[in-house]
Amino acid sequence: MRNLLARHQTPFLLIAGLAVLASLTALGAADDLQVTLTEMLIRVTVVVGLYVFIGNSGIISFGHIGFMCIGAYAAAWAAAEPSFKSIMLHSLPIVLRDNQFSFPVAMVGAILLPAIVALLFGLAIMRLAGTTASIATFAFLIIVNSVYSNWDSVTAGVSSIIGIPTTVGPWTALAFAAVAILAAYLFQISRFGLLLRASREDDIAARASAVHTVRMRLVAFVLSAALVGAGGGLYAQFLGILTVDPFYLGLSFITIAMLVVGGMSSLTGAVLGVVVVTAIVQALRIFERGLPIGGSALALPAGSQELGLGLMLAAILIYRPSGLSQGRELLLRRPHHRLRTRSFAAQKPSPKIST
C-alpha cells in the first residue's frame, strides 16, 4: 500500500500545494488576493485540460479557449435570470429560457456541451498532425468567436449576459482544480495515455505496433475539452457577467504560455506554469500601480505585464526548453521497485550437449 501511494503521489502533492496556497490566502483576508487566487485556480483547471491533449499528443492546440467559451455560455444559459433571458436570449430553448438552474446543473452543461462539440469536431481533424492540426484548431477558435459574437438572440452577441449568480469562490475553484488534476493523472497512466504518448514520440512505430492513433487522440481531445469547458463554467459563475471578448487570442496565448513555462510534457509543469505566471503577472501589476517610496511612487510603465511575460517566455525557451519542470513530475521520494529474481544458486545448470 505504501509503495502504491509512493508511485502515485504526484497528483496529491500538487493538490496539497494548491490547498496550502488557498489556506494562506484565506488567512490574509484581502479581497484582491481572493480574486487572484480564484482566477488562478480556474486557470489551473483550464491549463490542466490543455495538458491532457497537448502534453500527451504533442499537438499544439490554439482552439481550446473556444471550448472554454462554449462551457461558459452553457453555464450562463442555465444559471442566468429568466427575466434577462426572455428579453435578450429569446431564441433559447424554452426549458433554458424560462428557468434558472442551480450551480451543479450549470456545471454539467459546461462540461457536456464542449465534450460533444469536441467529439464532432475531433472526428474531422484528429487524422491531421503537426502544424496542420494546430492550424485547424485555430480555425475552430475563429469559428466559435464569430458565431458567439453574432448570434444575438442566443448569446447576446457582443453585449454582456448579466444576472449570473456568483457562486464560485476559492474553495469551489480548488475543488474543480483537484478533480481536473486527478482526471489528467488517471488519463496519463491509463492505457489510452500511454499509447498516445507512444504515438507522440514515434507515430510511425506506434502505428506499426497497431496503436489506433486517431482514436487515442480523440479520447484525449474530448476529455481535454470537457475540463476546459468546466473552467469556462467556473469563470462565468465567478464573474457574474459574461461577454465573448475574453475568449480569444489573448487568453489562448497566455494559457499556452503557462503550459510552456511549466513544461508541456508533465502534469506538474501544467500546474507550476499557472502558479509562476500568475505570480509574475500579479507582481508586475502591483508595480504598474506604483509603490510608494518616501514622498513619491515608483511605477512601471503601462504594458509591463505583457513585456515581462514575453521576456520570461523567451528566457524559458532559451535556457530551459522543456520548461521549469523539465518534463519531470513532483515526487517527494522515488518509489521502491522490488525485483523478483532467483538466486544463481537456485538456478538449475543448463544441460551439457555432448558431441
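Residues numbered from 1 in each chain as written. Predicted model: local features only at pLDDT ≥ 70, side-chain atom pairs only at ≥ 80, totals over all residues. Heavy atoms only, no water.

**Q** Help me out: how do you make sense of the overall build of the protein chain in this one?
**A** Counting its secondary structure elements, the protein chain contains 16 helices and 2 strands. The burial tally for the protein chain puts 45% of its 355 residues in the buried class. For the protein chain, the exposed surface amounts to about 17,900 Å²; the carbon and sulfur share of it is 67%. Looking at charge distribution, the protein chain has the averaged site of its 23 positive side-chain charges lying 25 Å from that of its 13 negative ones. (Helix = DSSP H or I, 4+ residues; strand = E, 2+ residues; numbered from the N terminus. Buried < 20%, exposed > 50% of the residue type's maximum accessible area, 1.4 Å probe, protein only. Areas by Shrake-Rupley, 256 points an atom, 1.4 Å probe, with all protein chains shown as cover. Lys, Arg positive; Asp, Glu negative; His and termini not counted. Charge placed at Lys NZ, Arg CZ, Asp CG, Glu CD.)

**Q** So what exactly am I meant to see when it comes to the packing of helix α7 (residues 103–125) against helix α13 (residues 213–239) here?
**A** Axis separation between α7 and α13 bottoms out at 7 Å; the angle between their running directions is 145 degrees. Here the hand of the crossing between α7 and α13 comes out right-handed. Taken together, the residues of the contact of α7 with α13 sort by class into 19 nonpolar, 4 polar and no charged. (Axes fitted to C-alpha atoms, helices over the stretch in contact; angles between N-to-C directions. Left-handed = near helix turned anticlockwise from the far one by under 90°. Nonpolar A, V, L, I, M, F, W, Y, C, P; charged D, E, K, R; others polar.)

**Q** Whenever I open this one, empty space enclosed by the protein confuses me. Can you help?
**A** Over the atoms, a rolling probe the size of a water molecule traces out where space has been left empty. Enumeration over the complete set of coordinates arrives at 1 cavity of 30 Å³ or more. For the largest cavity, the calculated volume is near 30 Å³. Of the residues that constitute the lining of the largest cavity, the class distribution is 4 nonpolar, 5 polar and no charged. (1 Å grid on protein atoms, 1.4 Å probe; cavity = no way out; pocket = protein on both sides within 12 Å on 5 of 7 lines; lining within 4 Å. Points joined across faces, edges and corners; volume = space filled by probe spheres on them.)

**Q** Explain helix α16 (residues 304–319) here, please?
**A** Every α-helical turn comprises 3.6 residues, leaving residues that sit three or four positions apart pointing alike. Relative to the 22 Å expected for 16 residues at 1.5 Å per residue, α16 spans 22 Å between its end C-alpha atoms, a close match to the ideal helical length. Every buried residue of α16 is accounted for by Ser304, Gln305, Leu309, Met312 and Ile316. One side of α16 holds all its buried residues, which, seen down the axis, span an arc of 130 degrees. Residues of α16 that are exposed and point over 90 degrees away from its buried face: Glu306, Leu307, Leu311 and Ile318. Summarising the contacts, the buried residues of α16 are in contact with α14 (249–262) and α15 (267–289). (Expected span 1.5 Å × (residues − 1). Arc of directions from axis to C-beta. Contact = heavy atoms within 4.5 Å.)

**Q** Explain the layout of surface pockets here, please?
**A** In this structure, the largest pocket occupies an estimated 330 Å³ of space. Along its surface, the largest pocket is lined by 18 residues, and Arg43, Ile254, Val281, Arg285 and Gln305 are the ones closest to its centre. Contributions of two or more residues to the lining of the largest pocket are made by α3 (31–57), α14, α15 and α16. Of the residues that constitute the lining of the largest pocket, the class distribution is 8 nonpolar, 6 polar and 4 charged. Counted as a void, the second largest pocket has a volume near 220 Å³. In this structure, the second largest pocket is lined by Leu21, Leu24, Thr25, Leu33, Thr36, Leu37, Met40, Val275, Thr278, Ala279 and Gln282. Looking at the lining of the second largest pocket, its residues break down into 7 nonpolar, 4 polar and no charged.

**Q** Explain unusual backbone geometry to me, please; I cannot follow it from the model alone.
**A** Negative phi is the rule for most residues except glycine; trans is the rule for most peptide bonds. The backbone phi angle of Ala156 is positive, close to 70 degrees, even though this residue is not glycine. In this structure, Ala156 sits in the loop between α9 (152–155) and α10 (170–189). Residue Ala156 is classed as buried on the basis of its relative accessible area, which comes to 5%. Phi is positive for Gln326, which is not a glycine, with a value near 55 degrees. Within the secondary structure, Gln326 is located in the segment after α16. The exposure class assigned to Gln326 is partly exposed, which follows from its relative accessible area of 31%.

**Q** Would you mind going over the packing of helix α4 (residues 64–79) against α7 with me for this structure?
**A** The geometry of a pair of packed helices is captured by two quantities: the angle between their axes and the separation between those axes. Close contact between α4 and α7 brings their axes to 8 Å; oriented N to C, the two are set at 140 degrees. With respect to their mutual orientation, α4 and α7 come out oblique. The two elements α4 and α7 cross, and the hand of that crossing is right-handed. Contacts between α4 and α7 involve Phe67, Ile70, Gly71, Ala74, Ala75, Trp77, Ala78 and Ala79 from the former and Ala106, Gly109, Ala110, Leu113, Pro114, Val117 and Ala118 from the latter. Class assignment of the residues belonging to the contact of α4 with α7 gives a composition of 13 nonpolar, 2 polar and no charged. (Parallel < 35°, antiparallel > 145°, perpendicular 65-115°, else oblique.)

**Q** Would you mind going over a nonpolar patch on the surface with me for this structure?
**A** Together, Val108, Leu112, Ile116, Leu119, Leu120 and Leu123 make up a nonpolar patch on the protein surface, roughly 580 Å² of accessible area in all. With respect to the element layout, Leu112 can be found in helix α7. (Patch = residues over 30% accessible without salt bridge, like charges linked within 9 Å, V, L, I, M, F, W, Y side chains within 5 Å. Salt bridge = Lys/Arg side-chain N within 4 Å of Asp/Glu carboxyl O.)

**Q** What am I meant to see in the environment of Gly157 here?
**A** With respect to the helices and strands, the residue Gly157 is situated in the loop between α9 and α10. Classification of Gly157 as buried rests on a relative accessible area of 0%. Residues Gly157 and Arg289 lie 132 residues apart in sequence; the distance between their C-alpha atoms is 33 Å. Setting aside chain neighbours within four positions, we find Gly157 in contact with Tyr73, Tyr148, Ser149, Asn150, Trp151, Asp152 and Val244.

**Q** Hey, could you run me through the side chain of Ser61 in this one?
**A** On the secondary structure map, Ser61 appears in the loop between α3 and α4. A distance of 3.4 Å separates the side chain of Ser61 from the backbone nitrogen of Gly63, its partner in a polar contact. Within polar-contact distance, the side chain of Ser61 engages the side chain of His64 at 2.7 Å. (Polar contact = N/O pair within 3.5 Å; in protein donor to acceptor, adjacent residues only side chain to side chain.)

**Q** Just to check I follow, could you spell out the environment of Met126 for this structure?
**A** Tracing the backbone through its elements, the reader meets Met126 in the loop between α7 and α8 (130–150). Between the C-alpha atoms of Met126 and Gly323, which are 197 residues apart in sequence, the distance is 26 Å. Setting aside residues no more than four positions away along its own chain, Met126 makes contact with Phe53, Val214, Arg217, Leu218 and Phe221.

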